[in-house]
Amino acid sequence: MWLVRETRWTVMARAGDTESGEVLRWEFDSEPEALQMIDRLLRADAAGQWREHDRE
């Protein structure tokens with residue numbers, strides 16, 4: 001018998017527009033690791049292309 005709880009943090013970003021863009025995903029074991037990836041993405045050369053997306 002197993003009782004398992006897995007908590008993973010997923011960072012998702014879309015490269016390109018909504019019609020032809022690709023959704024990129026990264027999974028992390030901790031929130032700090034996920035936040036570090038977000039920071040890296042925002043500092044990258046393409047950072048000006050990222051926009052905040054509110055969850056609906």
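In case you missed it, the structure is sitting above this.
The following paragraphs examine the structure supplied in this document. None of these values were measured; they are calculated from a predicted model. (Residues numbered from 1 in each chain as written. Predicted model: local features only at pLDDT ≥ 70, side-chain atom pairs only at ≥ 80, totals over all residues. Heavy atoms only, no water.)

Within the protein chain, the secondary structure is distributed over one helix and two strands. Restricting to contacts in the protein chain with at least 6 residues of sequence separation, those with at least 24 account for 16%. Accessible surface for the protein chain amounts to roughly 5,700 Å². Of this, 47% is attributable to carbon and sulfur atoms. (Helix = DSSP H or I, 4+ residues; strand = E, 2+ residues; numbered from the N terminus. Contact = heavy atoms within 4.5 Å. Areas by Shrake-Rupley, 256 points an atom, 1.4 Å probe, with all protein chains shown as cover.)

What follows deals with the nonpolar core. Counting six residues, the largest nonpolar core consists of V11, A13, F28, A34, M37 and L41. When contributions to this core are tallied by element, the ones reaching two or more residues are β1 (9-15) and α1 (31-43). No other element matches the three residues that α1 contributes to this core. Residue contacts for M37: discarding those within four places in its chain leaves V11, W26 and F28. (Core = buried A, V, L, I, M, F, W, Y, C linked by side-chain atoms within 4.5 Å. Buried < 20%, exposed > 50% of the residue type's maximum accessible area, 1.4 Å probe, protein only.)

A cluster of nonpolar side chains, namely L35, I38 and L42, defines an oily patch on the protein surface of about 270 Å² accessible area. Tracing the chain through its elements places L35 in helix α1. Overall, the relative accessible area of 47% leaves L35 in the partly exposed class. (Patch = residues over 30% accessible without salt bridge, like charges linked within 9 Å, V, L, I, M, F, W, Y side chains within 5 Å. Salt bridge = Lys/Arg side-chain N within 4 Å of Asp/Glu carboxyl O.)

Before going further, it helps to spend a moment on the pairing of strand β2 (residues 22-28). Two strands pair when backbone bridges link them, and β1 and β2 are joined in this way by seven bridges, in the antiparallel orientation. Bridge pairing in β2 links V11 to W26. (Pairing = 2+ DSSP bridges.)

This part is about the environment of T10. Its location among the elements puts T10 in strand β1. Accessibility expressed as a relative area gives 40% for T10, which makes it partly exposed. Not counting chain neighbours up to four residues away, the residues in contact with T10 comprise W26 and E27.

Now for the environment of A34. With respect to the helices, strands and loops of the structure, A34 is situated in helix α1. Through-space distance from the C-alpha of A34 to that of R8 is 9.4 Å; in sequence the pair is 26 residues apart. In this structure A34 touches W9, V11 and F28, once residues within four positions along its chain are discounted.

Coordinates in, geometry out; function isn't part of it.
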